[in-house]
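These are the residues of each chain, in order.
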Amino acid sequence: MKKSISQKLLLKIILGAALAVPSVTALAQDKKTSGNPVVEGWYADPEAKIFDHQYWLYPTYSAKYNEQVFMDAFSSPDLVHWTKHSHVVDTSGVKWVRRALWAPAVTEKDGKYYLFFGANDIQNNSEKGGIGVAVSDKPEGPFKDHLGKPLIDQIINKAQPIDQFVFKDDNGQYYMIYGGWGQCNIVKLKNDFTGVIPFEDGITYKKITPEGYVEGPVMFKRNGKYYFMWSEGGWTGPDYRVAYAIGNTPFGPFKRIGTILKQDATIATGAGHHSVINVPGTDEWYIVYHRRPLTETDANHRVMCIDKMYFDADGNIKPVKITNEGVTSRMLK
Ligand code: FUB
């Protein structure tokens, strides 16, 4: 049957309207801020890195300990749009890991990527577990066991071997700062990350625990000073938070200055276990952390968030304003 003029016109309008509706992808491209949480799902203890002009986030999968047998990662060109990389490491790549795969610390060295992790939540020195390291040719993994055994498998200076952070000083030396149960050690890493070596004074595990320290250490350098940050309170509760100190060396002494990240009754509870991003060549800083939505009380219902971090004129870190919006687009050169 021949279509009437008005039928043809109607078809044109419908087709035109359909073509004018942006696709889901186009809508996603229009996102103006990251939003908080930055990705869907229960994730905690995020490690934030920049590799090859992309931002990377490596969190703990926040679930019951026996279900924590893998880690996902996320990459982004601009902090707003994130791509998920599933199971970048799991128990098939590191055979001695049984459970409680926690708090990754990832670093690139000589073209390889090393993912340090805590595993098995050991309670004494006869249990198998502790801090391990896995290696990959790519930031998205797959990461495979570097040693075939833990790097640190003993409780030294009363510090549970978890929550490791890898810090590279300007002279090229890599340090690992770690510890749960309210105690923090710093160790010197061997150049190939196969073990630890003693300091000049013969001590291998240097205790640097500041007042209030619980877990989740982070270190970075700014204007020649060493900033040491950590989490306080209990991670299962609402008052988990982040405090910091400033020192002249990676070993301190570190005197607690104050809290810079905590819950906000209008936004979320339990804000802590963080990492920081400094946009290379700038004084722009971000803090990536986990928190619990106001609607949640389950310990593991933690989500990964990002907000801006600022310093005052004296070099102190200003208290962070946690937001629902997150951050705007920041491409890397
Ligand atoms: O996510 C597991 C554990 O919870 C981490 O290792 C602790 O720091 C706490 O965030």
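Computed from a predicted structure; not experimentally measured.

Procedures and definitions
Residues numbered from 1 in each chain as written. Predicted model: local features only at pLDDT ≥ 70, side-chain atom pairs only at ≥ 80, totals over all residues. Heavy atoms only, no water. Helix = DSSP H or I, 4+ residues; strand = E, 2+ residues; numbered from the N terminus. Polar contact = N/O pair within 3.5 Å; in protein donor to acceptor, adjacent residues only side chain to side chain. Contact = heavy atoms within 4.5 Å. Near = heavy atom within 4 Å. Areas by Shrake-Rupley, 256 points an atom, 1.4 Å probe, with all protein chains shown as cover. Pairing = 2+ DSSP bridges. Salt bridge = Lys/Arg side-chain N within 4 Å of Asp/Glu carboxyl O. pLDDT = per-residue confidence, 0-100. Phe/Tyr/Trp six-rings, centres within 6.5 Å; stacked < 30°, edge-to-face > 60°. Lys NZ or Arg CZ within 6 Å of the ring centre and 35° of its normal.

K.L.:
Sorry if this is basic, but what is going on with unusual backbone geometry here?
P.N.:
Generally, phi is negative for residues other than glycine and the peptide bonds are trans, each holding for most cases. Cis geometry marks the peptide bond from N36 to P37, where omega comes out at 5°. Considering the arrangement of structural elements, one finds P37 in the loop between α2 (24-29) and β1 (43-51). Omega for the bond connecting G252 with P253 falls within 30 degrees of zero, at 5°, which places this linkage in the cis form. Here P253 is to be found in the loop between β16 (241-247) and β17 (258-261). Of note in this structure, D45 is not a glycine but carries a positive phi near 50°. Of note, D45 is situated in strand β1.

K.L.:
Honestly, the side chain of K49 in this entry has me stumped. Any pointers?
P.N.:
Mapped onto the fold, K49 is located in strand β1. Of note is the side chain of K49, whose polar atom sits 3.2 Å from the backbone oxygen of V106. The contacts of K49, once residues within four sequence positions are left out, are Q54, Y55, W56 and V106.

K.L.:
Can you help me understand the site of the ligand in this one?
P.N.:
Looking at the ligand, the residues that line it are D45, T60, W102, D163, E215, W235, Y240, H273, H290 and R302. Within the side chain of E215, a nitrogen or oxygen atom sits 3.3 Å from an oxygen atom of the ligand. Taking R302, its side chain carries an N or O atom lying 2.9 Å from an oxygen atom of the ligand. If the ligand stood free it would expose 270 Å²; the protein chains cover 99% of that surface.

K.L.:
Sorry, what's going on with the pairing of strand β9 (residues 165-168) here?
P.N.:
Each regular strand carries side chains that alternate between the two faces of the sheet. Relative to strand β10 (residues 174-178), β9 runs antiparallel, the two sharing four bridges. Following the sheet pairing, V166 is matched in β10 by M176. In sequence, β9 turns back onto β10 through a hairpin of five residues, with G172 there showing a positive phi of about 90°.

K.L.:
What am I meant to see in the pattern of salt bridges here?
P.N.:
Where charged atoms from two side chains of opposite charge come close, those side chains can pair. Under the defined criterion, the tally for this structure stands at 14 salt bridges. With a shortest N-O distance of 3.5 Å, D169 and K221 are connected by a salt bridge. Taken as a pair, D169 in the loop between β9 and β10 and K221 in strand β14 (residues 215-222) lie far apart in primary sequence, 52 residues in all. A salt bridge links R256 to E232, with the nearest nitrogen and oxygen atoms 2.8 Å apart. Taken together, the residues span a long stretch of sequence, with R256 in the loop between β16 and β17 and E232 in strand β15 (residues 225-232) at a distance of 24 residues.

K.L.:
Mind showing me how you'd approach the sheet that holds strand β8 (residues 144-145) here?
P.N.:
In a beta sheet, neighbouring strands are held together by backbone hydrogen bonds and run either parallel or antiparallel to one another. Ordered in space as β5-β6-β7-β8, the four strands form an open sheet in which the pairing is antiparallel. Strands with a single pairing partner mark the edges of an open sheet, and in this sheet they are β5 (102-109) and β8. Of the pairings in the sheet, the one linking strand β7 (residues 130-136) to β8 comprises two bridges and is antiparallel in character. From the neighbouring strand, A134 faces β8, where its bridge partner is D145.

K.L.:
Can you walk me through the confidence of the model for the protein in this structure?
P.N.:
Across the protein, the average pLDDT comes to 93, with 91% of residues at 70 or higher. Across residues 1-6, where pLDDT falls below 50, the model places two contacts with residues more than four positions away in sequence or in other chains. Within the model, the stretch residues 8-26 combines pLDDT values under 50 with three contacts to residues more than four positions away or in other chains.

K.L.:
Just to check I follow, could you spell out the packing of aromatic side chains for this structure?
P.N.:
Each aromatic ring pair is specified by the distance between its two centres and by the angle formed by the two planes. Applying the stated rule across the entire model yields 22 aromatic pairs. Residues Y174 and F193 carry aromatic rings whose centres are separated by 5.0 Å and whose planes lie at 85° to one another, so their mutual orientation is edge-to-face. Here F193 lies in the loop between β11 (185-189) and β12 (196-197) and Y174 lies in strand β10, a separation of 19 residues in the sequence. The residue whose ring lies beneath K206 is F199, and the NZ or CZ to ring-centre distance is 5.1 Å. When the ring centre of F251 is taken as origin, the NZ or CZ atom of K206, which lies over that ring, is 5.9 Å away.

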